[in-house]
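Chain by chain, the residues:
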Amino acid sequence: MILYRVAVTVDPAHLQRAHRLFAELVDVSRRVPGVIDFDIMQDPGNPHRFVSIEVYADEEAVELQGKLPQLHAVMDAFPTLLITGPKGTKFVVLASEPWP
């Protein structure tokens, strides 16, 4: 299992556009085979900061999600959309278990 956590800070002038682009990306990403979970959350303490948590079954799922036109639209918008980021961490999970 592969997990990504990525943070960005959106330019306040582009907040509405970011909401639209992120919502579209979340919607289609969740339908990709092997995408276990895909969320982009807005920080309640800083409405310009967003954090994505992405969980994939394997590298093949990462590659499939990476081909989405909506992901390319988000990435292409980053130079004008963002103040900082993206900055993230990739985790390779070898085992998991239900909790609690």
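Since the model is a prediction, treat every value here as computed from it, not as a measurement.

What counts as what
Residues numbered from 1 in each chain as written. Predicted model: local features only at pLDDT ≥ 70, side-chain atom pairs only at ≥ 80, totals over all residues. Heavy atoms only, no water. 1 Å grid on protein atoms, 1.4 Å probe; cavity = no way out; pocket = protein on both sides within 12 Å on 5 of 7 lines; lining within 4 Å. Points joined across faces, edges and corners; volume = space filled by probe spheres on them. Helix = DSSP H or I, 4+ residues; strand = E, 2+ residues; numbered from the N terminus. Nonpolar A, V, L, I, M, F, W, Y, C, P; charged D, E, K, R; others polar. Core = buried A, V, L, I, M, F, W, Y, C linked by side-chain atoms within 4.5 Å. Buried < 20%, exposed > 50% of the residue type's maximum accessible area, 1.4 Å probe, protein only. Contact = heavy atoms within 4.5 Å.

1. Concerning the layout of surface pockets
Empty space left among the atoms is revealed by rolling a probe the size of a water molecule over them. Taken as a whole, the largest pocket holds about 380 Å³ of empty space. Along the walls of the largest pocket sit 21 residues, with Val6, Ser52, Glu54, Leu71 and Met75 positioned nearest its centre. Those elements that provide at least two residues to the lining of the largest pocket are strand E1 (2-10), helix H1 (15-29), strand E2 (35-42), strand E3 (49-56), helix H2 (59-66), helix H3 (69-81) and strand E4 (82-92). If one sorts the elements of the lining of the largest pocket by residue count, E3 sits on top with 5 residues. Per-class residue counts for the lining of the largest pocket are 16 nonpolar, 3 polar and 2 charged.

2. Describing the nonpolar core
Residues Val8, Val10, Phe22, Tyr56, Phe78 and Leu81 are the most contacted members of the largest nonpolar core, which totals 26 residues. A per-element tally of this core places H1 first, with 7 residues. Leave out the neighbours within four places in its chain, and Val10 touches Leu15, Ala18, Phe22, His48, Phe50, Leu81, Leu82 and Ile83.

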